[in-house]
Amino acid sequence: MSHPKLANIFNEDEKKVDWHDKALWFVRHKRDLSAHRVKGWETLREFGHQIKAHTLANLDQYLIEFEKNALSNGIEVHWATNAEEHNKIVHRILKECQAKKVVKSKSMLTEECHLNPFLEERGIEVIDTDLGERIVQLAKESPSHIVLPAIHKNRHEVDDLFQQHLNTKPCNGDPQYLTQEARKHLREKFINADAAITGVNFAIAETGGFVVCTNEGNADMGAHLAPVHIACMGMEKLIPKQDHLGVFLRLLARSATGQPITTYSSHFKTPAKGFKMHIVIVDNGRSEQLGKPDFRASLHCIRCGACMNTCPIYRRSGGHSYNYTIPGPIGSILSPGKDLKKHSSLPFASTLCGSCSDVCPVKIDIHSQLYKWRQIITKEMKQPMLKRKSMKIMGSLFSNPTQFNRFAKFCRWALRNLPKSILYAKINVWGKSRELPKGPKMSFTEWHQNRENTKRMKNNG
Ligand code: SF4
């Protein structure tokens, strides 16, 4: 289904839309307060942008450097060209160590590769250990946000879900009780896990180590208790030097939730004695995106989610309406590169207000890329007849001031005089969920001209 259709489904529950909107705006506001407290925030963003651009321009060298250093640290390095290869590699490693129970911390890459169903079909239990991820896993849903995976669920829904799956008592959505129960449930999973899977936030070419950021410490619990740690990493996660971490760690948490730093920024470099550490480096379409100069910068993304929290469309249509692993503005520029036809409605799910680009900690020109995708989609894909015709009419109106003024005059008259049954007829999508404004008697230009004329007459005495 296209974005407008899925957004319509989300919009059926107005109350939910309102609190979803408010909850995300609250996070956006916290981001603003936190960013404004940092002197030189804009310089930090610029550093982040430049480091990422430099890394991507020299990615081949940095990948080789990272592999060399990781191998010498005792980490086994694997390469996967696509999602299927990634899943097969992870499965092979788990099979070799006879792992049947796996704990996994939040990793959007494994969501992108659909790793959980792949392993579950092969008899391996995978438990998502991030609380939000565990909630959506129990609900058999996908995350609706990259940082707040269960933001579309309220505490009462979580209460019901836990009663059903974890045998908890009804608690009227008491967050403390629910978190305690989740903790007990997950502790048992951590203790009995045969292997742990984590994502990678930053991999450092210079040291061959990597960093995983969580707020719950679940990546550490998994990786330190289980004898095997598999880290799955998109190949764009590289940064050249350890020193660069200071830039990204300061940007990431502030942009994501307004925290100065994530509660746990866990550095992994060498497997402990008797433990094994693997890293799977995945391409899965990233090289192709890298080869598109207009869209290359989308690979700068550090997955903070700020562009989602600020986007008026995301906030009122929900993450699932994007029908793609990464929702929101950044998902709308990544997804058409994967499957233009399937995701052709996403670049249009934006007001092009530019707020996404303004908050992006690594200065991705998100709204410009959305606009570029629109142009490509309009050229390459057949648009619905109504849209084609109306765009042609609007194009000719906008390019002829006389015609435009006449049309605008007619619209103002229509807004004042036509009956509601015509103004709000089905064909007028603008009137579908909003009150149309009262038509003013004159246009702004006419009003301005009148004002200037009056002024001139007064001045002339
Ligand atoms: S595009 Fe920018 S704002 Fe959006 S998730 Fe990525 S880094 Fe964050």
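Above this text sits the structure in question.
Quick caveat, the model's predicted, so the values are computed rather than measured.

J.: Honestly, empty space enclosed by the protein in this entry has me stumped. Any pointers?
T.: Unoccupied space between atoms shows up once a probe the size of one water molecule is rolled over them. One pass over the full model with this rule turns up three cavities of 30 Å³ or more. Space inside the largest cavity adds up to approximately 80 Å³. The wall of the largest cavity is formed by 13 residues, among which Cys301, Cys304, Cys307, Cys360 and Pro361 lie closest to the centre. For the lining of the largest cavity, the class distribution of residues is 11 nonpolar, one polar and one charged. Taken as a whole, the second largest cavity spans an internal volume of roughly 70 Å³. Around the second largest cavity, the lining comprises 13 residues; the ones closest to its centre are Cys311, Pro329, Ser350, Thr351 and Cys356. Looking at the lining of the second largest cavity, the elements that each hand over two or more residues are α15 (312-317), α16 (328-338) and α17 (355-359). Residue composition of the lining of the second largest cavity, grouped by class: nine nonpolar, four polar and no charged.

J.: Teacher, can you tell me more about the site of the ligand here?
T.: Taken together, 13 residues sit near the ligand, with Cys301, Cys304, Gly305, Cys307 and Cys360 positioned nearest. Here the ligand is seated within the largest cavity. A per-class count over the shell around the ligand returns 11 nonpolar, one polar and one charged.

J.: Is there a simple way to think about the nonpolar core in this case?
T.: Looking at soluble globular proteins, one finds that nonpolar side chains tend to be buried together. Counting residues in each nonpolar core, the largest one holds 49 residues, and the members touching the most others are Phe202, Phe248, Ile330, Ile364 and Ile366. Ranked by residue count, the leading element in this core is helix α12 (residues 245-256), at seven residues. Ignoring anything within four residues of it in the chain, the contact list for Ile330 reads Ser298, Cys301, Cys307, Met308, Ile364 and Ile366.

J.: Looking at this structure, how should I read the sheet that holds strand β2 (residues 101-104)?
T.: Strands belonging to one sheet form pairs held by backbone hydrogen bonds; the direction of such a pair is parallel or antiparallel. In space, the six strands of this open sheet follow the order β1-β10-β7-β4-β2-β3, with parallel pairing throughout. Edge positions in the sheet fall to β1 (76-80) and β3 (125-128), since each has one partner strand and no second. Averaged over neighbouring strand pairs, the angle between their axes works out to 20 degrees when direction is ignored. Most of the contacts of helix α4 (residues 59-72) go to β1, to which it runs at about 145 degrees, and overall it touches β1 and β10 (276-282). Contacts from helix α10 (residues 175-191) reach β2 and β3 within the one sheet, and its direction differs from that of β3 by about 135 degrees.

J.: Help me understand helix α18 (residues 366-380) in this model?
T.: Since one α-helical turn is 3.6 residues long, residues separated by three or four positions face the same way. Look at α18: 21 Å from first C-alpha to last across 15 residues, which is about the 21 Å you get at 1.5 Å a residue. Looking only at α18, the buried set comprises Ile366, Gln369, Leu370, Trp373, Arg374 and Ile377. Buried residues of α18 fall within an arc of 150 degrees about the axis and therefore sit on the same side. If you follow the buried residues of α18, they end up packed against α14 (306-310), α16 and α17.

J.: How do you make sense of the packing of helix α8 (residues 131-138) against helix α9 (residues 155-166) when you look at a structure like this?
T.: For any two helices packed against each other, the geometry is given by the interaxial angle and the distance between the axes. Viewed as axis vectors pointing N to C, α8 and α9 meet at an angle of 70 degrees, and their least axial separation amounts to 10 Å. Judged by the inter-axis angle, α8 sits roughly perpendicular to α9. Between α8 and α9 lies a crossing whose hand is left-handed. For the pair formed by α8 and α9, the contact residues are Leu131, Ile135 and Leu138 on the first element and Val158, Leu161, Phe162, His165 and Leu166 on the second. Looking at the contact of α8 with α9 residue by residue, the classes come out as seven nonpolar, one polar and no charged.

J.: Hey, could you run me through the environment of Trp447 in this one?
T.: By the secondary structure assignment, Trp447 is in helix α22 (residues 444-459). A C-alpha to C-alpha distance of 73 Å links Trp447 and Ile191, two positions 256 residues apart in sequence.

J.: Got a minute to help me understand the side chain of Glu112 in this structure?
T.: Here Glu112 shows up in helix α6 (residues 108-112). Of the polar contacts made by the side chain of Glu112, one reaches the side chain of Asn284; its length is 2.9 Å. Within the structure, the side chain of Glu112 is placed 2.9 Å from the side chain of Arg286, a separation counted as a polar contact. In this view, Glu112 contacts Asn284, Arg286, Thr325 and Lys338; residues no more than four positions away in its chain are not counted.

J.: Looking at this structure, how should I read a nonpolar patch on the surface?
T.: A grouping of Met394, Phe398, Phe404, Phe407, Phe410 and Trp413 is seen on the molecular surface, where their side chains present a nonpolar patch of about 590 Å² in accessible area. Looking at which element gives the most residues to the nonpolar patch, the answer is helix α20 (residues 401-417), with four residues. Mapped onto the elements, Phe407 comes out in helix α20. For Phe407, a relative accessible area of 34% translates into the label partly exposed.

J.: Sorry if this is basic, but what is going on with helix α5 (residues 83-96) here?
T.: With 14 residues, α5 should cover 20 Å at 1.5 Å per step; its first-to-last C-alpha distance of 20 Å lies within 8% of that length. If you check which residues of α5 are buried, you get Ala83, His86, Asn87, Ile89, Val90, His91, Ile93 and Leu94. One or two residues past the end of α5 sits Gln98, with phi positive at roughly 55 degrees.

J.: Help me understand the environment of Ile204, please; the structure alone is not making it clear to me.
T.: With respect to the secondary-structure elements, Ile204 resides in strand β5 (residues 202-204). Given a relative accessible area of 2%, Ile204 falls into the buried group. For the pair Ile204 and Tyr62, spaced 142 residues apart in sequence, the C-alpha separation works out to 8.8 Å. Setting aside residues no more than four positions away along its own chain, Ile204 makes contact with Phe66, Gly209, Phe210, Val211, Ile239, Pro240, Lys241, Gln242 and Leu245.

J.: Help me understand the pattern of salt bridges in this model?
T.: Two side chains of opposite charge can pair, provided their charged atoms sit close to one another. Tallying each qualifying case throughout the model produces 25 salt bridges. Lys363 is the salt-bridge partner of Glu46, the closest N and O atoms lying 2.7 Å from each other. Of this pair, Glu46 sits in helix α3 (residues 41-57) while Lys363 sits in the loop between α17 and α18, placing them 317 residues apart in sequence. Exposure remark for Glu46: the relative accessible area of 28% places this residue in the partly exposed category. A relative accessible area of 29% means that Lys363 is categorised as partly exposed. Two residues, Glu141 and Lys153, come together in a salt bridge whose shortest N-O distance is 3.1 Å.

The rules behind these values
Just so you know, the residues in each chain are numbered from 1, in the order the chain's sequence is written. Local features in this predicted model are restricted to residues of pLDDT 70 or higher, and side-chain atom pairs are both shown and tallied only at a pLDDT of 80 or more, whereas totals for entire chains, interfaces and linings draw on every residue. Side-chain descriptors were evaluated using all non-hydrogen atoms of the structure, hydrogens and water having been removed beforehand. Both cavities and pockets are sets of points on a 1 Å grid over the protein atoms alone; in a cavity a 1.4 Å probe fits but cannot get out, in a pocket the set is open with protein on both sides within 12 Å along at least five of seven lines, and lining residues sit with an atom within 4 Å of a point. Grid points are joined across faces, edges and corners, and a volume is the space filled by probe spheres set on the points. Three classes are used, and their members are as follows: Ala, Val, Leu, Ile, Met, Phe, Trp, Tyr, Cys and Pro are nonpolar, Asp, Glu, Lys and Arg are charged, and the others, Gly among them, are polar. Helix and strand assignments come from DSSP, with helices taken as H or I runs of at least 4 residues and strands as E runs of at least 2, each series counted from the N terminus. Any residue with a non-hydrogen atom lying within 4 Å of a molecule or strand is treated as near it. A pocket or cavity is taken to hold a molecule when more than half of that molecule's atoms are within 2 Å of the pocket's grid points. By convention a nonpolar core is built from buried Ala, Val, Leu, Ile, Met, Phe, Trp, Tyr and Cys residues, the set being connected through side-chain atoms within 4.5 Å. Remark: exposure states derive from per-residue accessible area (1.4 Å probe, protein chains only) relative to the maximum for the residue type, with buried under 20%, exposed over 50%, and partly exposed in between. Two residues qualify as a contact provided that any one of their heavy atoms is within 4.5 Å of a heavy atom in the partner residue. In short, DSSP must find at least two bridges between two strands for them to pair. Working convention: axes come from line fits to C-alpha atoms, limited for helices to the stretch in contact. Angles between N-to-C directions cover 0 to 180 degrees. Multiplying one less than the number of residues by 1.5 Å gives the expected span of a helix. The reported arc concerns the directions from the helix axis to the C-beta atoms and nothing else. Should an angle fall under 35 degrees it is taken as roughly parallel, and over 145 as roughly antiparallel, whereas 65 to 115 is taken as roughly perpendicular and any remaining angle as oblique. By convention the crossing between two helices is left-handed if the near helix lies anticlockwise of the far one by an angle smaller than a right angle, and right-handed if it lies clockwise. Polar contacts, as counted here, are pairs of nitrogen or oxygen atoms within 3.5 Å of one another; within protein the pair requires one atom able to donate a hydrogen and one able to accept it, and residues that are adjacent in sequence qualify only if both atoms are side-chain atoms. Patch members must show over 30% relative accessible area and no salt bridge, and they are joined within 9 Å when carrying like charges or within 5 Å when they are nonpolar side chains of Val, Leu, Ile, Met, Phe, Trp or Tyr. The accessible surface values rely on the Shrake-Rupley method and a 1.4 Å probe; as for residues, cover is taken only from the protein chains in view. Put simply, a salt bridge is a Lys or Arg side-chain nitrogen that is within 4 Å of an Asp or Glu carboxyl oxygen.

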